Amino acid sequence: MFHGACSLIFESMWARLFNVGVESAPDSIERFTDTDRIAFGCPQFNQKKSMQASAQIAFDDASFSAFLASRQEPEWLATQRRQAWQAFGELDWPNRSHEEWLRTDIRMFGLQRYGLDSSPPESVELPQPQLAAGIELGGATVSLDSSSVKSQCEARWQERGVLFGDLGKLVSAHPEKIQPHLMRRAFDVNYDRFAALHGAWWSGGTLLYVPRGVVVDEPFHAFSAITDGGVDLGHTLVILEEGAEATLLSETASLNPTAGGMHCGGVELVVGAGANLRYVNLQDWATGVWHFSHQKAVLGQDANLQWTIAAMGSRLAKVNQHVGMVGPGANCQVNGVMFAEGRQHLSYHTLQHHEVASCHSDFLYKTALQDRARTVWRGMIKVDPQAQRTDGYQRNDNLLLSTSARADSIPGLEIEADDVRCTHGSTTGKIDEELIFYAMCRGFSRREAVRMIVTGFFQKIFDRITIDSVRQALGLAIARKVREYD
Amino acid sequence: MTDTLEIAGLHVSVEGKPILRGVDLRMERGETHALMGPNGSGKSTLGLAVMGHPNYEVTAGSIELNGENVLGMSPEERARAGLFLAFQRPIAIPGVKMADFLRHATTNVRHPERKEGEELIPMRDFRKELKGKMEHLRMDVEFARRYVNDGFSGGEMKRAEILQLAMLQPKFAVLDETDSGLDADAVRLASESIAEIGRAKMGLLIITHHDKLLEHNPPDVTHVILGGRIVEKGGPELAVELYQHGYDRIRSQYPEAEAQNQQMIQQEETV
């Protein structure tokens, strides 16, 4: 099984920031030297700290001021946070009168139950990451409850100007690289109250910056975990300059598979002209976690993006995934793999926005549901008037493994140019009993047959994923979930 | 002791409508039997009932493999016990590669006690065996990488069924029109393959309209089914008579069965 135990003892970044219960504050973040090999197994953190009872930092004005003061960030960033916090104060929580939230009920969500923890546990066992098995990495980050506990980039990539690591730390060290992009074109703090909350309070997270023309042939790995009831406000910022190439594998997990918590996050992918990014995002929080995320890629001329999303975890997920093609000839392929069970609610809203001519977008989302799970997929291809010769495709297939599961699939087109090719489609259905009978006639048990058929349902997406470890991890994750099918 | 398959007094209904009305048929491993009859007479129903299709309800009678009634077994258990059906219309399983499907199937049938999650037969051995059998059947190795019956031509599907027969090596196999949809050369190849793979080692129950298949696999016994009943039983000469002269003699000789056959065809048409 995948819950291999890694002992992790670390000092809390929050504890240092807020000066609670810390006797000394050695830097425990940059514990890996550049020459360390990165191997997923057991990263050891031996920095023992004594802690006082934890204090949660609520999301209110007083805490926000203390938070800002503790960060010691550049003034432009503090201003950005203040503006977002102001927006948060002016916005209401979204409700079911908004089209995007019509099918997604968050009345049970209460922000007051959550806060940034000033003192995470002294010693925890992190789940085993799933995406990076057996591959040589260019760098790795690990965060727990929005605090960085590991941030490492191989020296050979640092020497070529690559920046990879904890965004919270790198933002102060390299503002000239980050300021032009952070929450500019790929994140809108005014979009809704979750975006505003994230814009004000984001902490931890991951930066990947690859300079012009640099091709990184080793994937980077970012791992975010939360404790029971914990909060993750990590922000991901990827900047590939002209002609650069890189792969980032990011995944989330909870320490306990049934725990609660909250993720309110943002992802920005800025892919320059002719650059090539592969980005994989596996959301595997525990089944009590609220997951809110705004994710956007901006593609320059002839840029390429392959973006794979896997949504497995959380109690309720509401995700906006947006690809803006702003340079002619940009090309994106988006693969969505969702498996919902129990009473999970996964709501994904995709937008493929063709802002200029001659771009190509290809979105394929496949979802399997069992028990009383519910998914919402709402896709939109938007083609601006000047975006002639657009080639856009979107498709969503849903496989219902129980009679109580429900999938809402709402494809959409908004086309203002006249020379375009846009196709979309969606299917929702159960497994045909004849397939099961056929496999059973060949010696498969019913359960083996169902597992095989469900895996086959996703195969078309797996065939598109070009990273072996990712394909295998997602295949295993799905096969593990399939239970009896009646 | 020779393996036996014995069907006795078998009545089968689909959605409450009787299709088989008392079928008796006994065969031993190593024998080849032909099951012949006009459209709608219940040939395919017998094959599906032998494997335990959930929609085919056995209302009376028994199917015994070596004296053990299989009616209480799931299709999976029947397959593992050594029963096989080559489907008239094989089912596509999108996204599942033929080789993976067959490796799993072969493991389960050869190790009937295997539980889900236990080891499959080693990849190397399996690949070698599969490759050998595919070459023998003159199938392109690329075939193993395609998805099970997905986008296959009619002929490819039938050859894939024969490949499965060759890999699974059942005790008894019902071949339901395994020669239909094939051109003349392919029928000859299929007939030869079946003869090589199964004739001596298995009990074969061949459902066919073609003479070629039976030419290479002359039946020890020919059964004629009409209106859901075996109305006549004979040797290979009976099969020859039927594919040369058709069923007119049979229809007029068994008017009651013929009436039931017509009734079943009408019911099917109204559905």
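Residue numbers run consecutively from 1 along every chain, following the written order of its sequence. Just so you know, chain letters begin at A and ligand numbers begin at 1, following the order they were written in. In keeping with the predicted nature of the model, local features appear solely for residues at pLDDT of at least 70, side-chain atom pairs appear and are counted solely at 80 or more, and the whole-chain, interface and lining totals rest on all residues. The basis for every side-chain value is the complete set of non-hydrogen atoms in the structure, without hydrogens or water.

Q: Could you give me a rundown of the interface of chain B and chain A, with the residues and numbers involved?
A: By a widespread convention, an interface's size corresponds to the accessible area lost as its parts come together. Contacts between the two partners involve 36 residues from chain B and, on the opposite side, 21 residues from chain A. Note on chain B versus chain A: buried area summed over both sides is about 2200 Å², and carbon and sulfur give 63% of it. The largest share of the area that chain B buries against chain A comes from E76(B), I91(B) and E116(B), three residues that together contribute 25% of it. The term salt bridge refers to a pairing of a side-chain nitrogen on Lys or Arg with a carboxyl oxygen on Asp or Glu at a separation within 4 Å. In this structure, the connection of chain B to chain A is made through five salt bridges. Ionic pairing is found between E161(B) and R442(A), a salt bridge with its closest N-O pair at 2.7 Å. Counting of polar contacts relies on pairs of N or O atoms within 3.5 Å, with two restrictions inside protein: one atom must be capable of donating a hydrogen and the other of accepting it, and residues adjacent in sequence are counted only when both atoms are side-chain atoms. Where chain B touches chain A, the interface holds 16 residue pairs in polar contact (both at pLDDT 80 or more). Listed by contribution, the elements that provide at least two residues to the side of chain B that touches chain A are α1 (43-51), α2 (75-81), β6 (83-86), α3 (98-110) and α5 (154-168) of chain B. Helix numbering and strand numbering both begin at the N terminus, where a helix is a DSSP run of H or I of at least 4 residues and a strand a DSSP run of E of at least 2. It is α3(B) that contributes the most residues to the side of chain B that touches chain A, five residues altogether. Under the scheme applied, nonpolar residues are Ala, Val, Leu, Ile, Met, Phe, Trp, Tyr, Cys and Pro; charged residues are Asp, Glu, Lys and Arg; polar residues are all the others, including Gly. Tallied by class, the residues present in the side of chain B that touches chain A amount to 21 nonpolar, nine polar and six charged. Here, two residues are considered to be in contact whenever any of their heavy atoms come within 4.5 Å of each other. Summed over both partners, the accessible area lost on bringing two parts together, with a 1.4 Å probe, is the buried area.

Q: Could you give an account of unusual backbone geometry, naming the residues involved and the relevant values?
A: A positive phi is found at M183(A), a non-glycine position, where the angle reads about 55°. Structurally, M183(A) can be placed in the loop between α6 (175-178) and α7 (193-201). You will see that N149(B), though not glycine, has its phi angle at about 55°, which is positive. Its location among the elements puts N149(B) in the loop between α4 (123-136) and α5. Exposure categories follow from relative accessible area, calculated using a 1.4 Å probe and restricted to protein chains: below 20% of the type maximum is buried, above 50% is exposed, and the middle band is partly exposed. Looking at N149(B), the relative accessible area reads 1%, which means it is buried.

Q: So what about the packing of aromatic side chains? Which residues, and what values?
A: Residues and elements named next belong to chain A. What counts as a ring pair is set by centres within 6.5 Å for rings of Phe, Tyr and Trp (its six-membered ring), and what kind of pair is set by the plane angle: stacked under 30 degrees, edge-to-face over 60, tilted for all other angles. One pass over the structure, following the stated rule, counts 29 aromatic pairs over all chains. Both rings, one in F64 and one in W85, keep their centres 5.1 Å apart while their planes meet at 20°; by these two values the pair is stacked. Taken together, the residues span a long stretch of sequence, with F64 in helix α2 (residues 61-71) and W85 in helix α3 (residues 75-90) at a distance of 21 residues. Using a relative accessible area of 11% as the deciding quantity, one classes W85 as buried. Plain terms: the ring middles of F67 and W201 are 4.7 Å apart, the flat faces sit at 35° to each other, and that makes the pair tilted. Taken as a pair, F67 in helix α2 and W201 in helix α7 lie far apart in primary sequence, 134 residues in all. Residue W201 is classed as buried on the basis of its relative accessible area of 0%. In this arrangement the basic side chain of R71 is found over the ring face of W202, its NZ or CZ atom lying 5.8 Å from the centre. Placement of a charge over a ring requires the Lys NZ or Arg CZ to be within 6 Å of the ring centre, with the centre-to-atom vector within 35 degrees of the ring normal. Above the face of the F457 ring, K366 is positioned so that its terminal group lies 4.3 Å from the ring centre.

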